[in-house]
Amino acid sequence: FGPADRRIQVGRVLEATAEDVEQAIARAHRAQKLWDATPAAERAEILNRAAELLEKEMATCIALCTREGGKTLADGVAEVREAVDFCRYYAMQARKEFGAPKLMPGPTGERNQLSLHGRGVFAAISPWNFPLAIFTGQVTAALAAGNAVVAKPAEQTPLVAAYAVQLLHLAGVPGDVLQFLPGDGPTVGARLVSDPRISGVAFTGSTETAWAINQALAARRGPIVPFIAETGGLNAMIVDSSALPEQVVADVISSSFQSAGQRCSALRLLFLQEDVADKIIEMLKGAMAELRLGDPRELATDVGPVIDEEARQMLARHAEKMEREARLIHRLPLPAGTEFGTFFPPQAFELQSPAQLEREVFGPILHIVRFKASELDRVIEAINGSGYGLTFGIHSRIDNTIRYVTQRIHAGNAYVNRNMIGAVVGVQPFGGEGLSGTGPKAGGPHYLYRFAVERTLSVNTTAAGGNASLMSLREGDV
């Protein structure tokens, strides 16, 4: 049932059993060697065909994202485009890095080369907030590097993930190489992580779940395998007195409330220099009042529902706590027609201290803190002291301030005088540090390396009766 209207059934899902998990891993394990032996150019061509299919079926993908995940139509378009970008970018990287072996320097009489290969079977465990883009990104990265994949989508959004798998199979990915296992964490996720045939895990989700996966992998006997984790963050933005208020307000609104605040990159904590705080807060109230909350299938809707009732109740408890401990700046009313869905109105609170926000609150709640110009170092320390390091923003027209702050902030993705969401594949590689993830960054030039093993080959060419390469030297070369 979709989050916009719990009375409407979107589809049906048959969840995997323990036996299904065992069979999927076994089949993927058997199929991986042949897939890894497939030339990288052929694997890349399959991923490019998948990109074309995603574009061709964009309308269906958007409809699934909207009905199953509660995404607005604009967010659905962006979701499909990002999935397409992942397919094409990793196809390009596979051709470049996994094609012919790279020749290494060495002495005369010896040939040395370095090549990249798949590790084995990767488990891809994806979130509900980007059920197509992140799911596709994890899967295609592992496939591009020569791995087989067992993919577990979020329990809330298996339908759009299943459709993505169908398109990947139609593009040419062998059925045994890419296995699809919808289901819950204990039945599917925990079994995948604990199985010694799983050669790596790609995960996007909560820090708590990442800790559990990390502990399970550490408890395994056998090879130490990669764990690629992208988690959340207490993402902050600093605004000084030189910033353009209109630009600040537009960027804060999109960073905080687009996708109902259900982005790991979303702005959670806004620091306003006290000289401009009153003006910007008043402008924010006006801008928030213009947001339209409602049915995500309607073009006019700016903010749709949160994913489920559990998420709505968590946000409601936090808002009640903030009402006791902070000052409510603005809250949108819930319009008619939202009573059958899991809608939560965007709202903003002013805090006395950033310490009042103890952990990530995943939804459309913005927290604001004032600071004096002389307290900039203290603000930076508070942001870094949270332990998270995913996204960060600064609005200032003073180059020295921008340079000073960005050199001291520990965040994977920093943005200057713009919003903090919507990282573009191949342009803004995305991923955090500290409590926000392990790296390497998705959609970046180093990502596929983590899915691969490196092998060198050294050949003594003199053993065949001499160095054949010397025979090709021209007279003037010696």
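This text follows the structure it describes.
Right, let's walk through the structure included here. On a predicted model such as this, the values are computed, not experimentally measured, just so you know. (Residues numbered from 1 in each chain as written. Predicted model: local features only at pLDDT ≥ 70, side-chain atom pairs only at ≥ 80, totals over all residues. Heavy atoms only, no water.)

### A few points about the pattern of salt bridges
Using the criterion set out here, one finds 20 salt bridges in the structure. Linking R370 and D278 is a salt bridge whose minimum nitrogen-to-oxygen distance equals 2.8 Å. In this pair, R370 sits in strand β12 (residues 365-371) while D278 sits in helix α10 (residues 274-289), placing the two residues 92 residues apart along the sequence. Between E350 and R327 there is a salt bridge whose closest N-O contact spans 2.6 Å. Of the two residues, E350 sits in strand β11 (residues 347-350) while R327 sits in strand β10 (residues 327-331), which places them 23 residues apart along the sequence. Of the residues examined, E350 reaches a relative accessible area of 10% and is grouped as buried. What emerges from the salt-bridge pattern is a single network uniting D278, R327, E350 and R370. (Salt bridge = Lys/Arg side-chain N within 4 Å of Asp/Glu carboxyl O. Helix = DSSP H or I, 4+ residues; strand = E, 2+ residues; numbered from the N terminus. Buried < 20%, exposed > 50% of the residue type's maximum accessible area, 1.4 Å probe, protein only.)

### Overview of the pairing of strand β7 (residues 227-230)
Both faces of β7 are covered, namely the face carrying F227 and A229 and the face carrying I228 and E230. Relative to β7, strand β6 (residues 198-204) is paired through four bridges, and the arrangement is parallel. For F203, the partnering residue across the bridge sits in β7 and is A229. After leaving β6, the chain enters helix α8 (residues 207-219) and then returns to the sheet as β7, a path that is right-handed. (Pairing = 2+ DSSP bridges. Right-handed = clockwise from strand over helix to strand, strands pointing away.)

### Re the sheet that holds strand β2 (residues 110-118)
The antiparallel open sheet is built from three strands, whose spatial order is β1-β2-β17. Of all strands in the sheet, those with a lone pairing partner are β1 (102-104) and β17 (452-460), marking the two edges. The sheet shows a mean angle of 30° between the axes of neighbouring strands, taken without regard to direction. Taken together, the nine bridges between β2 and β17 define a ladder with antiparallel strand orientation. Bridging across to β17, E110 finds its partner in N460. (Axes fitted to C-alpha atoms, helices over the stretch in contact; angles between N-to-C directions.)

### Here we look at the side chain of D240
With respect to the element layout, D240 can be found in the loop between β8 (236-239) and α9 (245-257). Within the buried set, D240 has no salt-bridge partner at all; the shortest N-O distance to an opposite charge, 7.1 Å, is to R397. A distance of 2.7 Å separates polar atoms of two side chains, one belonging to D240 and the other to S242. Sequence-distant contacts of D240, defined by excluding residues within four places in its chain, comprise Q273, V276, H395, S396, R397, I398 and T401. (Lys, Arg positive; Asp, Glu negative; His and termini not counted. Polar contact = N/O pair within 3.5 Å; in protein donor to acceptor, adjacent residues only side chain to side chain. Contact = heavy atoms within 4.5 Å.)

### Observations concerning the packing of aromatic side chains
Scanning all chains against the criterion turns up eight aromatic pairs. Their ring planes at 80° and their centres at 6.3 Å tell us that F135 and F180 sit as a pair that is edge-to-face. Of the two residues, F135 is situated in helix α5 (residues 133-144) and F180 in strand β5 (residues 178-180); the sequence distance between them amounts to 45 residues. Aromatic rings pair up to connect F86, Y89, Y90, F122, Y447 and F451 into one cluster. Between R408 and the ring centre of Y404, over which it is positioned, the NZ or CZ distance is 3.6 Å. (Phe/Tyr/Trp six-rings, centres within 6.5 Å; stacked < 30°, edge-to-face > 60°. Lys NZ or Arg CZ within 6 Å of the ring centre and 35° of its normal.)

### Here we look at helix α11 (residues 309-325)
Between the first and last C-alpha of α11 there are 24 Å, a value that for 17 residues agrees with the 24 Å anticipated at 1.5 Å per step. Among all positions in α11, only A311, L315, H318, A319 and M322 are buried. An end-on view of α11 places all buried positions within 105° of arc, on one side of the element. Residues of α11 that are exposed and point more than 90 degrees away from the buried face comprise E310, R317 and R324. Turning to α11, the residues buried within the fold contact β10, β11 and β12. (Expected span 1.5 Å × (residues − 1). Arc of directions from axis to C-beta.)

### Concerning the packing of helix α12 (residues 376-385) against helix α13 (residues 399-408)
Angle between the axes and distance between the axes are the two parameters that describe a pair of packed helices. Running from N to C, α12 and α13 point in directions that differ by 30°, and their axes come no closer than 10 Å. If you check the angle between α12 and α13, you find them roughly parallel. The element α12 and its partner α13 pack so that their crossing is right-handed. Where α12 abuts α13, its residues L376, D377, I380 and N384 lie against T401, Y404, V405 and R408. Grouping the constituent residues of the contact of α12 with α13 by class yields four nonpolar, two polar and two charged. (Parallel < 35°, antiparallel > 145°, perpendicular 65-115°, else oblique. Left-handed = near helix turned anticlockwise from the far one by under 90°. Nonpolar A, V, L, I, M, F, W, Y, C, P; charged D, E, K, R; others polar.)

Don't take any of this as a statement about function, it's just geometry.
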